[in-house]
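Residues per chain, in single letters:
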Amino acid sequence: MATATPCVAHLVGRFTACLENSRAAPLLYRNAAFSTKKSNKKNKLSSRKSLSTIAALPSELSPPPIDHDFLDTVTAEGAKVSEEGIIETFDNDDEALNAFDNGVVAMDLSHFGRIRVSGDDRIQFLHNQTTANFECLSEGQGCDTVFVTPTARTIDIAYAWIMKKAVILMVSPETCGNITEMLNKYIFFADKVEIQDITKQTCLFALAGPKSTQVMANLNLSDLVGQPYGTNRHYSVNGMPLSVGVGNILSEEGFSLLISPATARSVWKTLLSQGAIPLGSNAWEKLRITQGRPAPGKELTNEFNVLEAGLWNSISLNKGCYKGQETISRLITYDGVKQRLWGIHLSASAEPGSPITVSGKKVGKLTSYTTGRKESDHFALGYIKRQAASVGDTVIVGENIIGTVVDVPFLSRQSPPIKNSSS
């Protein structure tokens, strides 16, 4: 039988930081944007105001009207923005991808969904509706969790922050509406739970790359460096709330920033002033595929279950009943996972949906494809039957495209349960 890793509840203290003003940077203090030092007498009044404001969480404040200052700013600087308000590219994709590997990138993920779950029963509610063990988490912690169907088919991965009065869920753009509707559907009359889509009331930025920790240090946020994935704390930008969490939607490394639209432009400029290279959604999609992060409508569909998607770190095996739990338990108990998600280096471009074959027999399906850093590089994700191929093996995609099965970072970090020798 499989044994689950015990939950380690690491309580992270909550604190505030006041943002100093300067003539050179009216909202962000140069080279030390988020100051945690005690204020002097001259600044006592402004500090007291910041502390009282930050007592409320970002989603608890009445948001300012959303103008398009931030998008107007990046557009004027050469970014290409879609009609939906998604920054597609800064015309620097190669530079940004290199910075992800060797430096630091800043990503605007404001088009991703953000759902606020509040009320006295919020923890138990999410505990029962998703795969993670929310009851072992404390304020200031976070985790990934998965929304699944009753038969454990995947809907989406959510990056969750536990706050004092709410839980914030960050989900994919295409699933936010459906998940919000689904959660509301499962609230019973006596449940003290409220669901709110706060996507339009907030902005979401992310830092990624090996030098993201240096940026955090420069911004006086180094106390978050080295903290567990999902750790989140709250600050103030001139009286407006800013929440920062460890990790981002793409990986456990880096950081996420949940902010008010009113401060988005200033925070963005500060991140770039610290050496972060802006990265658009086109480059993000390349990274998603090469990193191996499953996405709704591609790897996360009714066709595949959560264990086939390899999302082991998001699943509690010992928390009791929750949606999809019976199916997941049976799959583990009887070793019923028949296929798994892999990265595949390809000899040529291929269409998602193409069959994957070995010795003329269909063994899987391609789900995502992208070109690499060079036009001659081709990379994909696909599901392959467990006994058919593993790392280093050769497969055929479509009619004659040669593929080599490889590990990918996101899935390599997942930890399947360890079987007892007696099982």
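You'll find the structure just up there.
Residues numbered from 1 in each chain as written. Predicted model: local features only at pLDDT ≥ 70, side-chain atom pairs only at ≥ 80, totals over all residues. Heavy atoms only, no water.

Colleague: Looking at this model, I keep getting lost on the overall build of the protein chain. Mind explaining?
Modeller: Summing up its helical and strand segments, the protein chain has ten helices and 21 strands in all. Burial analysis of the protein chain (423 residues in total) assigns 53% to the buried set. For the protein chain, the exposed surface amounts to about 19,200 Å²; the carbon and sulfur share of it is 50%. (Helix = DSSP H or I, 4+ residues; strand = E, 2+ residues; numbered from the N terminus. Buried < 20%, exposed > 50% of the residue type's maximum accessible area, 1.4 Å probe, protein only. Areas by Shrake-Rupley, 256 points an atom, 1.4 Å probe, with all protein chains shown as cover.)

Colleague: What is the right way to read the packing of helix α3 (residues 93-102) against helix α8 (residues 281-291) from this model?
Modeller: The relative placement of two packed helices comes down to the angle between their axes together with the axis-to-axis distance. Where α3 contacts α8, the two axes come as close as 10 Å, and the packing angle between them is 40°. In terms of their interaxial angle, α3 and α8 are classed as oblique. By crossing handedness, the relation of α3 to α8 is classed as right-handed. When α3 is examined against α8, the residues Asp93, Leu97 and Phe100 are found in contact with a partner set consisting of Asn282, Ala283, Lys286, Leu287 and Gln291. Class assignment for the residues of the contact of α3 with α8 results in four nonpolar, two polar and two charged. (Axes fitted to C-alpha atoms, helices over the stretch in contact; angles between N-to-C directions. Parallel < 35°, antiparallel > 145°, perpendicular 65-115°, else oblique. Left-handed = near helix turned anticlockwise from the far one by under 90°. Contact = heavy atoms within 4.5 Å. Nonpolar A, V, L, I, M, F, W, Y, C, P; charged D, E, K, R; others polar.)

Colleague: What am I meant to see in the pairing of strand β4 (residues 105-108) here?
Modeller: Along any regular strand the residues' side chains alternate between the sheet's two faces. Side chains Val105 and Met107 project from β4 onto one buried face, and the interleaved Ala106 and Asp108 project onto a second face that is buried too. In this structure, β4 lies alongside strand β10 (residues 203-208), joined through four bridges in antiparallel fashion. Bridge pairing in β10 links methionine 107 to alanine 206. Pairing analysis gives three bridges linking β4 to strand β14 (residues 277-279), with the strands arranged parallel. Counterpart to valine 105 in the pairing with β14 is isoleucine 277. (Pairing = 2+ DSSP bridges.)

Colleague: Looking at this model, I keep getting lost on the pattern of salt bridges. Mind explaining?
Modeller: Pairing between side chains of opposite charge can happen when the charged atoms of each approach one another. Tallying each qualifying case throughout the model produces ten salt bridges. Among the salt bridges present, the one from aspartate 69 reaches arginine 265, with a minimum N-O distance of 3.8 Å. Taken together, the positions of aspartate 69 in helix α2 (residues 69-76) and arginine 265 in helix α7 (residues 264-273) put the pair 196 residues apart, joining distant regions of the chain. Look at aspartate 69 and you get partly exposed, because its relative accessible area is 31%. Residue arginine 265 is classed as partly exposed on the basis of its relative accessible area of 37%. Across the pair glutamate 77 and lysine 269 runs a salt bridge whose closest N-O atoms are separated by 3.2 Å. Residue glutamate 77 is found in the loop between α2 and β2 (80-81), and its partner lysine 269 is found in helix α7; the two are separated by 192 residues along the sequence. A relative accessible area of 52% places glutamate 77 in the exposed class. (Salt bridge = Lys/Arg side-chain N within 4 Å of Asp/Glu carboxyl O.)

Colleague: Got a minute to help me understand the side chain of aspartate 144 in this structure?
Modeller: Examined against the element boundaries, aspartate 144 turns out to sit in strand β6 (residues 142-148). In this structure aspartate 144 is buried but unpaired, with arginine 293 as the nearest side chain of opposite charge at 5.8 Å. Side chain to side chain, aspartate 144 and tyrosine 229 meet in a polar contact 2.8 Å long. (Lys, Arg positive; Asp, Glu negative; His and termini not counted. Polar contact = N/O pair within 3.5 Å; in protein donor to acceptor, adjacent residues only side chain to side chain.)

Colleague: How do you make sense of the nonpolar core when you look at a structure like this?
Modeller: Taken as a class, soluble globular proteins show a tendency for nonpolar side chains to be buried jointly. If you look at the biggest cluster of nonpolar residues, it comprises 29 residues, and the most contacted ones within it are Phe205 and Leu207. For this core, the secondary structure elements donating two or more residues are α2, β10, α6 (212-218), β11 (232-237), β12 (240-246), β13 (255-259) and α7. If one sorts the elements of this core by residue count, α7 sits on top with four residues. (Core = buried A, V, L, I, M, F, W, Y, C linked by side-chain atoms within 4.5 Å.)

Colleague: Help me understand the side chain of asparagine 92, please; the structure alone is not making it clear to me.
Modeller: Mapped onto the elements of the fold, asparagine 92 is located in the loop between β3 (87-89) and α3. Beyond its immediate stretch of four places on either side in the chain, asparagine 92 contacts Ile277 and Pro278.

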